Amino acid sequence: MLSRLAPRDPDDIPFVRNFDKWGFRLAGYRSLWNNSKDLFQDAYGSFTKHGRPCWIPGASFSKHLALPHTYLPWMATQPDSVFNHREAFDELVKAKWAIGDRKYITEPWPTKLLNTKLRENFDDLIKAFHAEVQLAVTEQLGEDNAEWREVPVYRAMKTILVRASGRWIVGKALCQDPLFNRLTVAYMDTVFYVSGILHYTPVILHPLVGPLVSLRQRYIIEQAKKLVRPGFEERLGYLSSSSQDAAPQDFLYDAMRHAYTSRKEDFNLHDITIYALYVYWATCHQITVTAASTLLEILKSDAEYATTTRLQAESTQVFGTDEPTWSKATAARCSLMDSTLRESLRLHTFISRHVFKKIMVDGVKAPDGTVLPKGALTCVISRPLHTDHELISEGNKFIPFRFAPAKEIPEGIPTDSAGKKMTTITPDYLPFAYGKHACSGRFLADVTLKMLFTHILRHFDVELSPKNPCPQPVVHREATLPPRHALIRARRKIKV
Ligand code: HEM
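This report concerns the structure included in the present document.

What counts and what doesn't
Residues numbered from 1 in each chain as written. Predicted model: local features only at pLDDT ≥ 70, side-chain atom pairs only at ≥ 80, totals over all residues. Heavy atoms only, no water. Helix = DSSP H or I, 4+ residues; strand = E, 2+ residues; numbered from the N terminus. Buried < 20%, exposed > 50% of the residue type's maximum accessible area, 1.4 Å probe, protein only. Salt bridge = Lys/Arg side-chain N within 4 Å of Asp/Glu carboxyl O.

1. Side note on unusual backbone geometry
Of note in this structure, asparagine 18 is not a glycine but carries a positive phi near 50°. With respect to the helices, strands and loops of the structure, asparagine 18 is situated in the loop between helix H1 (2–5) and helix H2 (25–34). Residue classification places asparagine 18 among the partly exposed residues on the basis of a relative accessible area of 36%. Look at serine 60: it is not a glycine, yet its phi comes out positive at around 50°. According to the relative accessible area criterion, serine 60 is buried, its value standing at 6%.

2. Some thoughts on the pattern of salt bridges
According to the stated counting rule, one finds 31 salt bridges in the structure shown. Among the ionic pairs, aspartate 189 bridges to lysine 158, the shortest N-O distance being 2.6 Å. Taken together, the positions of aspartate 189 in helix H12 (residues 178–199) and lysine 158 in helix H10 (residues 153–169) put the pair 31 residues apart, joining distant regions of the chain. A relative accessible area of 30% places aspartate 189 in the partly exposed class. By relative accessible area, which is 6% here, lysine 158 ends up buried. Ionic pairing is found between lysine 300 and glutamate 297, a salt bridge with its closest N-O pair at 3.6 Å. Linking lysine 300 with glutamate 297, this pair stays in helix H16 (residues 269–300), spanning 3 residues, or about one helical turn. The exposure class assigned to lysine 300 is partly exposed, which follows from its relative accessible area of 24%. Judged by its relative accessible area of 8%, glutamate 297 falls in the buried class.

Without other data, these values stay purely geometric and don't point to any function.
Dropping the structure here:
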């Protein structure tokens, strides 16, 4: 039935809210600016939920093609030469201005390097993160076991995760340098600032506006290069040495070695610094949003679900009272924590759409016969899908343990979603995207988030600050973020 109704000509694909028509066009772009939540809900409810693609208002006064999530298994079989995610990201992020150049996104080698590291050195990455996370948490939450410390949760999570991830990105010395970490955070924030402004600037003006809005980013890169230089020079020595055993095991060295042997044009301080900053942005931003949102939700849901008590009990059951030993296997045993994280990702992903691709060729035909136009930037609308009451009960409510194995779900909690893991991707759960370019770091994110929260809950009393008893996520244009100034208070537990 659907295939008979499917548009055979790309020009027949419908527009949400008729935004192609005069009178509706401006309203469409205005909604993207000030009410994207309702706009995406309409596109999902009227079209994509029912298996039909539609055009939605897109970046820089363009249009994007929202595809039904039911296309995903078919899309996953298509090569990058048909659906390309790097080209889509370049267009969305405006990499030339926001990152420093297009190549940092479009070149596949840094991601390949990272994927190899994630595959072959997973345990070393966990060890590096573990070594740093305890110091980073103490730095943010303090050591006082008498007085509460008020902590801005989003900033604290960002600082902790940047410092701890830095251990495997740039090594111990640099990841403990507060100035370098501040520059890294500033770089990450400026990526969004620059791409956000260009998102709402007509393309024709980008060559004028781009250089101006990216001035700050270029300054940050120059400052970061000064701090990376000693580590860069130290690593140069190892490149020519016959013994690699003593060489640093971080991304900085991996990137230098790769550029030295296979990519001479990138073998310089400038490019290697930006590749490292780009890796921070790609690996730390989403995990920070998840960490801050999850901590706030754990505390907000405590009264109804005894969330902190149950998570603490689980950690004692899995690890006893000794310092936990972390691996994929021990993390997998923390099923209540796993469920809490999946619930947080379901409700609080940073953006409302996922699986961005650019169609690279003519005549691409979807399984229902719809012909998709070359050049279109496609996405799958995710937030309304994640919260659809027909797919999940009480879809808009944070229910921390709903995904735990059925026998562990406390009484009174819906069991229709039992047994789904945080890292298991399906066409209706897209925080990590879908297909062969889905997040390859999700298993590391899984272990590191569990490590972080387990450490906090075991060593600190934590509660919401009385100054903000019920902090709510903030919708900013297309992004949903934890409230920037939300405070928690923390106090070190007294050792017994
Ligand atoms: C909660 C935390 C995280 C979320 C929600 C997340 C989400 C995502 C998403 C949506 C993509 C797909 C982008 C696309 O459609 O092309 C992605 C890609 C990727 N992520 Fe994550 N990510 C997280 C943490 C991490 C971490 C900690 C790492 C590494 C240590 C990582 C490494 C990667 C890599 C390498 C890719 C590119 C995969 C490829 O292109 O083949 N991510 N991530």
